[in-house]
Each structure stands twice: as C-alpha cells, then as structure tokens.
Amino acid sequence: MTIKSVLFDFSGTVFRVESTEAWLGAVLAASGTAASPADAARWAGELETAGALPGGAAPRHLPEHLAGLWASRDLSAGHHRAAYTALARQVELPDPGLYDALYERHMTPDAWQPYPDAAEVLGALRDRGVGVAVVSNIGWDLRPVFRAHGLDRFVDAYVLSYEHGIQKPDGRLFLAACAALGQDPRRALMVGDDRNADGGAARVGCAVHFVDHLPALARPAALRPVLGLL
C-alpha cells in the first residue's frame, strides 16, 4: 500500500539535544556561577550518569523511589519536570537554582540541533504532498524548536504525549496522528529511534523505519532513505 503520510519522532530522529557538557556550561554561564574546568567536567559526568538531560542518555541507575515517576514522565508537564529535576538533584551543584535552570535550558531552541538532512527530507515530503506529523513522548511544547530552526513549515500536525495523556508505544497516540492527517494508519510510516516506543506504531498498522540516536554531525544522512520508502 502506498505511503501517504510520515510520522516522525522528535529527539534522536529529527533533532538532537546538545551534549551534557554544553547544557551545563550554558546554564553556568547564564547564571554567572563560577566553576573550575575540573568541577564543571565532574558535574557534567555525574549529570550524564544520572540521565538528567531530557533527550540525552537514560539513567544508568534509576533510584527505586523514582521508578514510578520515570515511567510516567511523558504523561504530563508536571511529571516530566519532576522526573528530570529529581534526577539532576542527585548531583550536588553549587546553587539550588541550577536544577530548574537546567530544566528550562533544555526546552530552548538553542539546546537543539536538527540532523543535517532533516530540512531536505521534510521539504521533499512537502513537495510530494506527503503529510507529516511529529509524534513525541515529551513533557513540553516543542513547536518553538521547529519554528526557530525553520522546520515548522513542513509539519502538518504535532501529537505530543503530554497533551494527550498517552505515551508511546500506546497505539492511540499514533492513531491520533493519523487522524490529524486524515490518513489511514496503513498508509503511514513511523520514523523513530526507539524500537520499543516508536515500534508501537506497527501494532496499529503503520510501517516503521528506525534510525540511530547519534550526535547530529555523526549522522548526516540517515533520514534520506525515508524518501525511498514511499
């Protein structure tokens, strides 16, 4: 059956978040917090281990008392903020205000970089008349990131978990995206980096294509094969 619409995951698929070092460095600089290079490197490493950067590495060890919050983090804005700030608070930083500042930083367009082929592929889909939706497990509005990087004009619908109270791999989120595009799920392709979460689209009839969650410059052309799958 011919593909008439493409659903894209956000983090690790169309955009990549900045490194933990850059994330922490931007917040330290903006807050005027003095830190030696050694301290900054140590804090960044500990935040990375804790999985405190949304869109970054998962926690290497999830504290038992955070397990429930982690599992439901993308169901609401409150859960998302609570989960990630709790992970960050496992790291002893010099100013308590830095935890909220770190969370706020990751929601800014400057914290995100589109993959090198994202504009090319999204633009080609638009030229071909293929509907595009962004389907993301997330706890905040990512639309400003797409607008700031000039990609919003290629997106027909955004289906965000926290706005629906549903997380991938729940099939209802993919069905909501197909409905927003006016498309039969059997004519949709889901593109994502998470075999479990994004793979849930197959259970409602969508085709699925996976990409690797790599740094932006290390993955220059992984989205281009999508055009050949149409």
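Scroll up to find the structure.
Enquirer: Could you give an account of the overall build of the protein, naming the residues involved and the relevant values?
Expert: Within the protein one finds 10 helices and seven strands. Referenced to the eigenvectors of the C-alpha coordinate spread, the extents of the protein come out at roughly 55 × 35 × 25 Å. Out of the 230 residues in the protein, the part that is buried amounts to 48%. A separation threshold of at least 6 residues defines the contact pool for the protein, and within that pool the share at least 24 residues apart is 68%. Only carbon and sulfur atoms are counted for the fraction: they give 52% of the accessible area of the protein, which is about 9900 Å². Positive and negative side-chain charges in the protein, numbering 21 and 26 respectively, have mean positions lying 7 Å apart.

Enquirer: Give a description of the sheet that holds strand β4 (residues 131–136) that names residues and reports values.
Expert: Spatial strand order, β5-β4-β1-β6-β7: five strands in an open sheet with parallel pairing. Only two strands of the sheet have a single partner each, and these edge strands are β5 (157–160) and β7 (207–210). Ignoring which end each strand starts from, the neighbouring axes of this sheet average 20° apart. Both strand β6 (residues 188–192) and β7 contribute to a ladder of four bridges, which runs parallel. Bridge pairing in β7 places Met-190 opposite Val-208. The strands touched by helix α6 (residues 118–127) are β1 (5–8) and β4; relative to β1, the strand with the most contacts, the crossing angle is about 155°. Lying over the sheet, helix α9 (residues 171–181) contacts β1, β4, β5 and β6, oriented at roughly 155° with respect to β4.

Enquirer: I'd like to hear about the state of the cysteines, residue by residue, with values.
Expert: Here the structure, examined in full by the defined rule, presents zero disulfides. In this structure Cys-178 is not part of a disulfide, and its nearest cysteine sulfur, from Cys-206, lies 4.2 Å away. Residue classification places Cys-206 among the buried residues on the basis of a relative accessible area of 6%.

Enquirer: Could you give an account of helix α2 (residues 37–50), naming the residues involved and the relevant values?
Expert: Note on helix geometry: an α-helix contains 3.6 residues per turn, so any two residues three or four positions apart are oriented the same way. Between its first and last C-alpha atoms α2 spans 20 Å; for 14 residues at 1.5 Å apiece the expected length is 20 Å, and the two agree. When we look at burial in α2, the residues that qualify are Trp-43, Ala-44, Leu-47 and Ala-50. Seen from one end, α2 has its buried residues packed into an arc of 125°, which puts them on one side. Exposed residues on α2 whose side chains face more than 90 degrees from its buried face are Pro-37 and Ala-38. On its buried face, α2 is in contact with α1 (20–31), α4 (77–88) and α5 (97–106). Directly after α2, the chain includes Gly-51, whose backbone phi takes a positive value near 70°.

Enquirer: Any details on the pairing of β5? Residues and values, ideally.
Expert: Judged by which residues are buried, β5 turns out to be covered on both faces: Ala-157 and Val-159 on one side and Tyr-158 and Leu-160 on the other are all buried. Taken together, the four bridges between β4 and β5 define a ladder with parallel strand orientation. By the bridge assignment for β5, Ala-133 is matched with Ala-157. What joins β4 to β5 is helix α7 (residues 143–148), and the crossover it makes is right-handed.

Enquirer: Break down the pattern of salt bridges for me, with residues and values.
Expert: Overall, the coordinates contain 14 salt bridges when judged by the stated rule. Note that Lys-168 is salt-bridged to Asp-9, the shortest N-O span being 3.0 Å. Linking Lys-168 in the loop between α8 (161–164) and α9 with Asp-9 in the loop between β1 and β2 (15–17), this pair joins segments that are 159 residues apart in sequence. Like Asp-9, Lys-168 is buried. With a closest N to O distance of 2.8 Å, Arg-172 and Asp-170 form a salt bridge. Shared partners join several salt bridges into a network, and the residues in it are Asp-9, Lys-168 and Asp-198.

Enquirer: Tell me about the nonpolar core, and please be specific about residues and values.
Expert: Core analysis: the largest hydrophobic core is formed by 53 residues, its most contacted members being Val-6, Phe-8, Phe-10, Leu-142 and Phe-146. A per-element tally of this core places α6 first, with five residues. Sequence-distant contacts of Phe-10, defined by excluding residues within four places in its chain, comprise Phe-15, Trp-112, Val-134, Val-135, Ser-136, Ile-138, Trp-140, Leu-142, Val-145 and Phe-146. Counting residues in each nonpolar core, the second largest holds 15 residues, with Ala-133, Val-135, Leu-173 and Phe-174 among its members.

Cut-off values and rules
Residues numbered from 1 in each chain as written. Predicted model: local features only at pLDDT ≥ 70, side-chain atom pairs only at ≥ 80, totals over all residues. Heavy atoms only, no water. Helix = DSSP H or I, 4+ residues; strand = E, 2+ residues; numbered from the N terminus. Buried < 20%, exposed > 50% of the residue type's maximum accessible area, 1.4 Å probe, protein only. Contact = heavy atoms within 4.5 Å. Areas by Shrake-Rupley, 256 points an atom, 1.4 Å probe, with all protein chains shown as cover. Lys, Arg positive; Asp, Glu negative; His and termini not counted. Charge placed at Lys NZ, Arg CZ, Asp CG, Glu CD. Pairing = 2+ DSSP bridges. Axes fitted to C-alpha atoms, helices over the stretch in contact; angles between N-to-C directions. Disulfide = S-S within 2.5 Å. Expected span 1.5 Å × (residues − 1). Arc of directions from axis to C-beta. Right-handed = clockwise from strand over helix to strand, strands pointing away. Salt bridge = Lys/Arg side-chain N within 4 Å of Asp/Glu carboxyl O. Core = buried A, V, L, I, M, F, W, Y, C linked by side-chain atoms within 4.5 Å.

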